[in-house]
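# Commentary on secondary and tertiary structure
Given next are the chains, with one letter for each unit.
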There are 2 protein chains.
Amino acid sequence: MTTTTKASLLAELAPILGASGLLVGEQVQSRAATFWDNTPMRAKALLRPSSVDELCACLRLCHAARQTVVPLGGNTGLAEGTAATADDIVLSLERLNQIEQIDTVSQTVTVQAGVVLQCLHEQLAAQHWVFPVDLGARGSCTLGGMMATNAGGFGVLVHGMMRAQVLGLEVVLADGSLLSSMHGYLKNNSGYDLKQLFIGSEGTLGVISRAVLRIKPMLGGRTSALLGVARFEQVCELLQCMQRGSGLSAFEVMWPSFWELNTGEYSSLKSPLAGKHNFYVLLECQADSQAGADSACTSALEAAFAQGLLQDAVIARSMAEAQGLWAIREAYEAEQKRFAKVYGFDVSLRIADMQRFATDLDKRLKQVQPSIYLSVYGHLADGNLHLIIGSNPPLPETHAVEEAVYQTLALFGGSISAEHGVGLEKKPWLQLTRNKNELHWMRQIKQLFDPHHLLNPGKIFDRDS
Amino acid sequence: MTTTTKASLLAELAPILGASGLLVGEQVQSRAATFWDNTPMRAKALLRPSSVDELCACLRLCHAARQTVVPLGGNTGLAEGTAATADDIVLSLERLNQIEQIDTVSQTVTVQAGVVLQCLHEQLAAQHWVFPVDLGARGSCTLGGMMATNAGGFGVLVHGMMRAQVLGLEVVLADGSLLSSMHGYLKNNSGYDLKQLFIGSEGTLGVISRAVLRIKPMLGGRTSALLGVARFEQVCELLQCMQRGSGLSAFEVMWPSFWELNTGEYSSLKSPLAGKHNFYVLLECQADSQAGADSACTSALEAAFAQGLLQDAVIARSMAEAQGLWAIREAYEAEQKRFAKVYGFDVSLRIADMQRFATDLDKRLKQVQPSIYLSVYGHLADGNLHLIIGSNPPLPETHAVEEAVYQTLALFGGSISAEHGVGLEKKPWLQLTRNKNELHWMRQIKQLFDPHHLLNPGKIFDRDS
């Protein structure tokens, strides 16, 4: 019996993976580091197993050689969760990309981890079914990565995050052993729900290989509306008003700082509202038919208007008009043009505290640099704000901006990550959100599943902690 | 420094808990073993801490003395999850019964573990809000127990189980230390989601003390309907039909064996349908107003009728009529009268397999005893069936019935527990649902959090495993 070492590892992996499954040198460097960063990917090698057996073999050999491994999905994450060094091996799930079974009676789909979200959406839509999680990176992000990071997006208010969609999960552990819990049931209280540990743990406890996910019958009608609101309390009241039976499926709020940036001189998009408002709400209602969605949305908004909750409203009368409204919410052209440097944040806090947080943070940032620009928007109904902070000239150090955001947030007891995860980027700030005992038990669990700290090293925790 | 021993334990607990907080002897035995079993409760003592500090002190001292502890909520569980021996201490959360805060802007409620479900329902209803989990034991079951067992009930189809409602959790660990994750956010991807470990672990990993739960605006209208359906495929099609925009909030199915038992000669309830059917569906639709719910339900049923999916339907025209329909679904009078012995089961399986499972199981049970009676019903939309198996005369041993049910279920890859948990009752069958690796990792987690096996000993796992 031979022992796998770091020196012998690639030679042992080669016959298992074949030429197209094991990339080194130029083949690795020709890839971008991430979707957002065009610098060359760094890694000792990039592995592309084409079956779960190959995946297990990869991790078994890496474990034997005490080789660190960075699992890779669509590489669209926003928290440096897939950053690799020249000493790491990157393990891509891109060839495990089969939708294995769609079962409309049990309302489940069985997928491999490398399936791209949009592929699943398209296959289901053809049969009038939906997978209820959707997000901007849909064309690249994979279901495995979305589970590993517990992705959120636009449907959380009604359907929950990725966690809520996962009925069964299969994971390959650090030593290459398979932990299969491919149950397909909404309810399964037969002992500990192990899969919950892996969902949202950013590849640090195991590599997700397959899953059984919930699907839902598609609703035929969806209506979007854009509203101008004067006071924050009215935004909150409007949310509750819309939740009472209008089929509300999304409730996004944009502060004027966001709105003016993305409909102003640096943007190709124009505001469909005539006046200016203190808050802009973009919402969507769903129903069985388009007429049903239009009528539910319109009558709920009429009631809200009668109560004095709205200053103005535009209801989209076509798919194109709806897309026009959502394009403003998803825009990032203006921030790129206007600022030398842009810092993005993704935080959770109590809805009631949001306006005060936005005001306090703006003051604090102005102390860092008077010309700094804070743009606030997000999934208000989910307690989740995104912040875009632009500076021009660029600040000498990122740390001052992070410090301003996270220390202001800590005063409100908020969370440093709502849906983007921790990765490398937020690791220094984790103790603002999680207490000592929580961090202790997180480390204990890491130690239990990955005692040699081989899986996604340095993410969430320091390598040596 | 003195060392707590089993001999000194009660004397050390007494000053912490006071006379009303530490019950022994007759005070313990005068309580019933469970809600369903009037034999006297057995325990060395029953502790009733009145604060989280007292709860921590109890567990700290028990840990020092290596004293086993059985946590107790409303004691309405159905899987022997709170069974205690004369060597155990029972730890009741009944005095931690405060609703600490209702925050309608952030849509959360902060509760102590001992709050009774119905109390929460009533306090919220007064403000037109709801906690979306509801179940038959609402008058006794506590939120702590419901979290510890990940309770299900009637709202799962739309709102998910208890797990989906828990945003923040506080747990006292086996050694008396406090693991507090009282976050109140729908989205919080800041490291491992530790609370998921404790939800559904039946008090074997920690004692839940407080939580932040989701609440939702109350919908003013709900309409129930009872349907007769000829074929199982039509039941499945009807479900999907109703899910497309009718505000469907419950979809319960009863097989003729259940229906005839509970509307027949042993029952005081009568069927509101004129004819007999192969399947009886009881559903509920919700909307903002009663008129809205009536109209959504009626038009969806008209469409289903036009498609030939229904043989007959009764739509409740008043709250009293709706209660009359639900009374049949919740009835257990007839089974008590008719059978000498009743065995209850709670299983999950693929919806598509349910009818075949029911037929196969009936055959297999008839081989155990020709006169045995299988009554099938449940939360079909959740993949969850309940089985009532009646025998008269009683069978010499329960094992033969369990064997028939679980081995038939195993052929369909089902789960031995959908919502009731494992407790002592289902422990012998756990390996039919969970594989070796899953059981291994469940034991590893138990070992990590409770190395001396002091918490709820013998539940899910054997004491010495």
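All of these numbers come straight from a predicted model, not from anything done at the bench.

A word on the overall build of chain A. The helix and strand tally for chain A stands at 17 helices and 20 strands. By the compact-globule yardstick of 23 Å for 465 residues, chain A fits well, its C-alpha radius of gyration being 23 Å. Along the first, second and third principal axes, the C-alpha set of chain A runs to 80 × 55 × 40 Å. Within chain A, buried positions represent 59% of all 465 residues. Restricting the contact set of chain A to residue pairs at least 6 apart, pairs at least 24 apart contribute 71%. For chain A, the accessible area works out to roughly 17200 Å², and carbon and sulfur atoms hold 52% of it. Taken as two groups, the 38 positive and 45 negative side-chain charges of chain A have centres that lie 3 Å from each other.

Let us now look at helix α15 (residues 398-411) of chain A. Residues and elements named next belong to chain A. Given a rise of 1.5 Å per residue, 14 residues ought to cover 20 Å, and the 20 Å separating the end C-alpha atoms of α15 matches this to within 8%. Residues of α15 that are buried: Ala400, Val401, Glu402, Ala404, Val405, Tyr406, Thr408 and Leu409. Looking one or two residues beyond α15, the residue adopting positive phi is Gly413, at roughly 65°.

Let's shift gears to the relation of the copies chain A and chain B. After a rotation of 180° and a shift along the axis of 0.0 Å, chain A superposes on chain B with an RMSD of 0.0 Å. One copy is carried onto the other by what is essentially a two-fold rotation axis. Proximity to the rotation axis, assessed at the C-alpha, singles out Gln196(A) in chain A; its C-alpha lies 3.1 Å from the axis. Of the interface residues in chain A, 100% have counterparts in chain B that sit at the interface too, so the contact is made through matching surfaces.

Turning next to the nonpolar core. By size, the foremost hydrophobic cluster in this structure holds 215 residues, and its most contacted members are Leu143(A), Phe251(A), Leu283(A), Leu143(B), Phe251(B) and Leu283(B). Sequence-distant contacts of Leu283(A), defined by excluding residues within four places in its chain, comprise Thr223(A), Ser224(A), Ala225(A), Leu227(A), Met242(A), Leu248(A), Ala250(A), Phe251(A), Cys297(A) and Leu301(A). Core analysis: the next-biggest nonpolar cluster, separate from the first, contains 24 residues, Leu22(A), Leu47(A), Leu96(A) and Val172(A) among them.

With numbering matched to this structure, UniProt assigns "domain: FAD-binding PCMH-type" (unreviewed entry) to residues 39-218 of chain A. For residues 39-218 of chain A, the end-to-end C-alpha separation is 40 Å, with 22% helix and 26% strand making up the annotated structure.

All right, on to the packing of aromatic side chains then. Summed over all chains, the structure comprises 28 aromatic pairs over all chains. The interplanar angle of 80° and the centroid separation of 5.4 Å between the aromatic rings of Phe198(B) and Phe449(B) together place this pair among those described as edge-to-face. Of the two residues, Phe198(B) is situated in helix α8 (residues 195-198) and Phe449(B) in helix α17 (residues 436-449); the sequence distance between them amounts to 251 residues. The two residues Phe198(B) and Phe449(B) agree in class, both being buried. Look at Tyr406(B) and Trp429(B): their rings are 5.4 Å apart centre to centre, the planes differ by 40°, and that puts the pair in the tilted class. Here Tyr406(B) is found in helix α15 (residues 398-411), whereas its partner Trp429(B) is found in the loop between α15 and α16 (430-433), with 23 residues between them in sequence. Looking at Tyr406(B), the relative accessible area reads 1%, which means it is buried. Overall, Trp429(B) belongs to the buried group, its relative accessible area being 6%. Of the aromatic side chains, those joined through ring pairs into one cluster are Phe198(A), Phe449(A) and Trp441(B).

In this section: the interface of chain A and chain B. Tallying the contact residues gives 85 residues for chain A and 85 residues for chain B. For the pair chain A and chain B, the summed buried surface comes to about 6700 Å²; carbon and sulfur atoms form 54% of the total. Contact with chain B buries surface across chain A, with Lys187(A), Asn189(A) and Tyr192(A) losing the most and accounting together for 16% of the total. Applying the counting rule to chain A against chain B returns eight salt bridges. A salt bridge links Asp382(A) to Lys187(B), with the shortest nitrogen-to-oxygen separation between them at 3.1 Å. Our count for the chain A to chain B interface comes out at 50 residue pairs in polar contact (both at pLDDT 80 or more). Among the elements that take part in the side of chain A that touches chain B, helix α17 (residues 436-449) of chain A stands out by supplying nine residues, more than any other. Here the side of chain A that touches chain B is built from residues that sort into 35 nonpolar, 36 polar and 14 charged.

Attention now moves to the sheet that holds strand β4 (residues 45-47) of chain A. Residues and elements named next belong to chain A. Ordered by their spatial adjacency, four strands build an open sheet running β1-β4-β6-β5, and the pairing between neighbours is mixed. Every other strand in the sheet has two partners, leaving β1 (22-23) and β5 (69-72) as the edge strands with one partner each. Where β5 lies against strand β6 (residues 89-92), four bridges are found, and the strand directions are parallel. Bridging from a neighbouring strand, Leu72 pairs with Ser92 of β6. Across the face of the sheet, helix α3 (residues 52-64) comes into contact with β4, β5 and β6 while running at roughly 165° to β6.

Scoring rules and cut-offs
- One numbering rule holds for all chains: residues counted from 1, following each sequence as written.
- Whichever chain is written first becomes A and whichever ligand is written first becomes 1, with later ones labelled in order.
- Residues qualify for local features only when their pLDDT is at least 70, as the model is predicted, and side-chain atom pairs are given and counted only at 80 or more; totals for whole chains, interfaces and linings, by contrast, use all residues.
- Working from all heavy atoms in the structure, the side-chain values ignore hydrogens and water.
- Secondary structure elements follow DSSP: runs of H or I of four or more residues count as helices, runs of E of two or more count as strands, with numbering from the N terminus.
- When we talk radius of gyration, it's over C-alpha atoms, and the globule rule is simply 2.2 Å times the number of residues to the 0.38.
- Type-normalised accessible area, obtained with a 1.4 Å probe on protein chains alone, sets the label of each residue: buried when under 20%, exposed when over 50%, and partly exposed for intermediate values.
- By definition in these notes, contact holds between two residues if any of their heavy atoms fall within 4.5 Å.
- Per-residue and other accessible areas were derived by the Shrake-Rupley procedure at a 1.4 Å probe size, with only the shown protein chains allowed to occlude residues.
- Counting rule for charge: Lys and Arg are taken as positive, Asp and Glu as negative, and neither His nor the chain ends is counted.
- Note that the charge is assigned to NZ on lysines, CZ on arginines, CG on aspartates and CD on glutamates.
- Helix span, expected: 1.5 Å multiplied by one less than the number of residues in the helix.
- When the copies are overlaid, the least-squares fit takes in C-alpha atoms only where the residue has pLDDT of at least 70 in both copies.
- For this analysis, a nonpolar core means a set of buried residues of the types Ala, Val, Leu, Ile, Met, Phe, Trp, Tyr and Cys, connected via side-chain atoms within 4.5 Å.
- UniProt positions are given in the numbering used here, feature names are shortened, and annotations may be inferred rather than shown by experiment.
- Note on aromatic contacts: the rings of Phe and Tyr and the six-membered ring of Trp form a pair at centre separations within 6.5 Å, being stacked when their planes are under 30 degrees apart, edge-to-face when over 60 apart, and tilted otherwise.
- A 1.4 Å probe defines the accessible area here, and the buried area is the portion of it lost by two parts on being joined, summed over both.
- Within this document, salt bridges are pairs made up of a side-chain nitrogen of Lys or Arg and a carboxyl oxygen of Asp or Glu, the two lying within 4 Å of each other.
- Polar contacts, as counted here, are pairs of nitrogen or oxygen atoms within 3.5 Å of one another; within protein the pair requires one atom able to donate a hydrogen and one able to accept it, and residues that are adjacent in sequence qualify only if both atoms are side-chain atoms.
- Throughout this entry, Asp, Glu, Lys and Arg are counted as charged residues, while Ala, Val, Leu, Ile, Met, Phe, Trp, Tyr, Cys and Pro are counted as nonpolar. The remaining residues, Gly among them, count as polar.
- At least two DSSP bridges between two strands are required for those strands to pair.
- Axis lines are fitted to C-alpha atoms, over the contacting stretch for helices. Their N-to-C directions set the angle, which ranges from 0 to 180 degrees.

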